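Letter by letter, the chains look like this.
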Amino acid sequence: GAGVSQTPSNKVTEKGKYVELRCDPISGHTALYWYRQSLGQGPEFLIYFQGTGAADDSGLPNDRFFAVRPEGSVSTLKIQRTERGDSAVYLCASSLMGGGTDTQYFGPGTRLTVL
Amino acid sequence: GESVGLHLPTLSVQEGDNSIINCAYSNSASDYFIWYKQESGKGPQFIIDIRSNMDKRQGQRVTVLLNKTVKHLSLQIAATQPGDSAVYFCAENWSGGGADGLTFGKGTHLIIQP
């Protein structure tokens, strides 16, 4: 079956611009996660959705970052007033039910470059 | 100068040999551990997981060992193949916390020599 998909695969923007990154989870997965991965580092947790609601957004670095999942499937990560330090690969993962022992399956990521 | 974060620990092994990748985790409350493989330009791929009520789990050519006393996790890959070349991350989570974001380790770059 289809895995987690993310679009676009690459996004180049200018400092100060607004960007949206999209994630399509595995069909039937209720839990969805966003992570950010900087060069040479492991992924860092940003936010977790259970259904339509954000169950944990403790990893969002500041209020320029926001994510939605209005119908409990596709999610969009939104970044306002982008800064050069936002450049990274943004990864999305989904799991069947959520919970600390549920396997998370990752998408290929969106590489964001802020010039 | 160079950023410390840009240089991953590297393990170089001969094709056909066994590999052991080590990881120290940080949270004593963590009770679920996972190994992911990440190839260049791709997202992390699930390899194997283990819960804290076990100390060993085997998959196809892979074995994960968990030592809770010293908070150490290892991944053993038998008879390594060129396709095993990748960065390997350990990750941890806690089933009772309500926060389901994984905490990842720093990663090890495995290089398979022909």
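Details of the structure are given in the entry above.
Residues numbered from 1 in each chain as written. Chains lettered and ligands numbered in written order. Predicted model: local features only at pLDDT ≥ 70, side-chain atom pairs only at ≥ 80, totals over all residues. Heavy atoms only, no water.

A. How the structure looks around the overall build of chain B. Helices and strands together make up the secondary structure of chain B, namely 0 helices and 10 strands. When the elements of chain B are put in sequence order from the N terminus, they spell out β-β-β-β-β-β-β-β-β-β. Whereas a compact globule of 114 residues would reach a radius of gyration of roughly 13 Å, chain B reaches 14 Å, a difference of no more than 12%. In terms of overall dimensions, chain B has C-alpha extents of about 45 × 40 × 25 Å along its principal axes. Relative to its full complement of 114 residues, chain B shows a buried share of 41%. Taking the intrachain contacts of chain B between residues at least 6 apart in sequence as the baseline, contacts between residues at least 24 apart amount to 54%. Of the roughly 6000 Å² that chain B leaves accessible, carbon and sulfur atoms contribute 48%. Charged side chains in chain B number 9 positive and 10 negative. The centres of these two groups are separated by 4 Å. (Helix = DSSP H or I, 4+ residues; strand = E, 2+ residues; numbered from the N terminus. Rg over C-alpha atoms; globule rule 2.2 N^0.38 Å. Buried < 20%, exposed > 50% of the residue type's maximum accessible area, 1.4 Å probe, protein only. Contact = heavy atoms within 4.5 Å. Areas by Shrake-Rupley, 256 points an atom, 1.4 Å probe, with all protein chains shown as cover. Lys, Arg positive; Asp, Glu negative; His and termini not counted. Charge placed at Lys NZ, Arg CZ, Asp CG, Glu CD.)

B. Focus on the interface of chain A and chain B. Between chain A and chain B, the contact holds 23 residues from the first and 25 residues from the second. Sorting the residues of chain A by area buried against chain B places A:Gly100, A:Thr101 and A:Phe106 first, and these three jointly supply 28% of that buried surface. Inspection of the chain A/chain B interface yields 5 residue pairs in polar contact (both at pLDDT 80 or more). Mapped by element, the contributors of at least two residues to the side of chain A that touches chain B are strand S4 (31–37), strand S5 (44–50) and strand S10 (105–106) of chain A. With 3 residues, the single largest contributor to the side of chain A that touches chain B is S4(A). (Buried area = accessible area lost by both parts, 1.4 Å probe. Polar contact = N/O pair within 3.5 Å; in protein donor to acceptor, adjacent residues only side chain to side chain.)

C. Layout of the nonpolar core. Residue and element names in this part refer to chain A. Counting 20 residues, the largest nonpolar core has Trp 34, Leu 46, Ile 47, Leu 77 and Tyr 90 as the members making the most contacts within it. Going through the elements one at a time, strand S3 (19–24), S4, S5, strand S7 (65–68), strand S8 (75–79), strand S9 (88–95) and strand S11 (110–114) are the ones with two or more residues in this core. Discounting chain neighbours no more than four positions away, the residues touching Leu 77 are Val 19, Glu 20, Leu 21, Trp 34, Leu 46, Phe 66, Ala 67 and Tyr 90. (Core = buried A, V, L, I, M, F, W, Y, C linked by side-chain atoms within 4.5 Å.)

D. Summary view of the side chain of A:Thr82. Residues and elements named next belong to chain A. Examined against the element boundaries, Thr 82 turns out to sit in the loop between S8 and S9. Take Thr 82: its relative accessible area is 1%, and that puts it in the buried class. When residues no more than four places from it in sequence are discounted, the contact partners of Thr 82 are Thr 13, Glu 14, Lys 15, Gly 16, Lys 17, Val 19, Arg 64 and Val 114.

E. Structural detail: the packing of aromatic side chains. A complete count under the given rule lists 11 aromatic pairs over all chains for this structure. The interplanar angle of 70° and the centroid separation of 5.9 Å between the aromatic rings of A:Tyr35 and A:Phe45 together place this pair among those described as edge-to-face. Of this pair, A:Tyr35 sits in strand S4 while A:Phe45 sits in strand S5, and the two are 10 residues apart along the sequence. According to the relative accessible area criterion, A:Tyr35 is buried, its value standing at 0%. The exposure class assigned to A:Phe45 is buried, which follows from its relative accessible area of 15%. For the pair B:Tyr25 and B:Phe33, a centre-to-centre distance of 4.5 Å together with 50° between the ring planes defines the contact as tilted. (Phe/Tyr/Trp six-rings, centres within 6.5 Å; stacked < 30°, edge-to-face > 60°.)

F. Spatial organisation of the sheet that holds strand S7 (residues 72–77) of chain B. Residues and elements named next belong to chain B. Ordered by their spatial adjacency, 4 strands build an open sheet running S2-S7-S6-S5, and the pairing between neighbours is antiparallel. Where the open sheet ends on each side, the last strands, each with one partner, are strand S2 (19–24) and strand S5 (56–58). Strand-to-strand twist across the sheet, computed as the mean angle between neighbouring axes with direction ignored, equals 15°. Two elements, S5 and strand S6 (residues 62–67), share 3 bridges in a ladder whose sense is antiparallel. When the bridges of S6 are listed, Gln 58 appears paired with Thr 63. (Pairing = 2+ DSSP bridges. Axes fitted to C-alpha atoms, helices over the stretch in contact; angles between N-to-C directions.)

G. Inspection of the environment of B:Ser95 at higher detail. Within the secondary structure, B:Ser95 is located in the loop between strand S8 (86–93) and strand S9 (103–104). The class for B:Ser95 is partly exposed, based on a relative accessible area of 40%. Residues in contact with B:Ser95, not counting those within four places in the same chain, are A:Gly100, A:Thr101 and B:Asp31.

H. Structural detail: the sheet that holds S7(A). Residues and elements named next belong to chain A. Within the open sheet, the 4 strands sit side by side as S1-S3-S8-S7. Their pairing is antiparallel. Of all strands in the sheet, those bounded by a partner on one side alone are strand S1 (5–7) and S7. Averaged over all neighbouring strand pairs, the angle between strand axes comes to 20°, with direction disregarded. Here S3 pairs with S8 via 5 bridges, running antiparallel. Following the sheet pairing, Cys 23 is matched in S8 by Ser 75.

Limitation: the analysis is restricted to geometry and does not speak to function.
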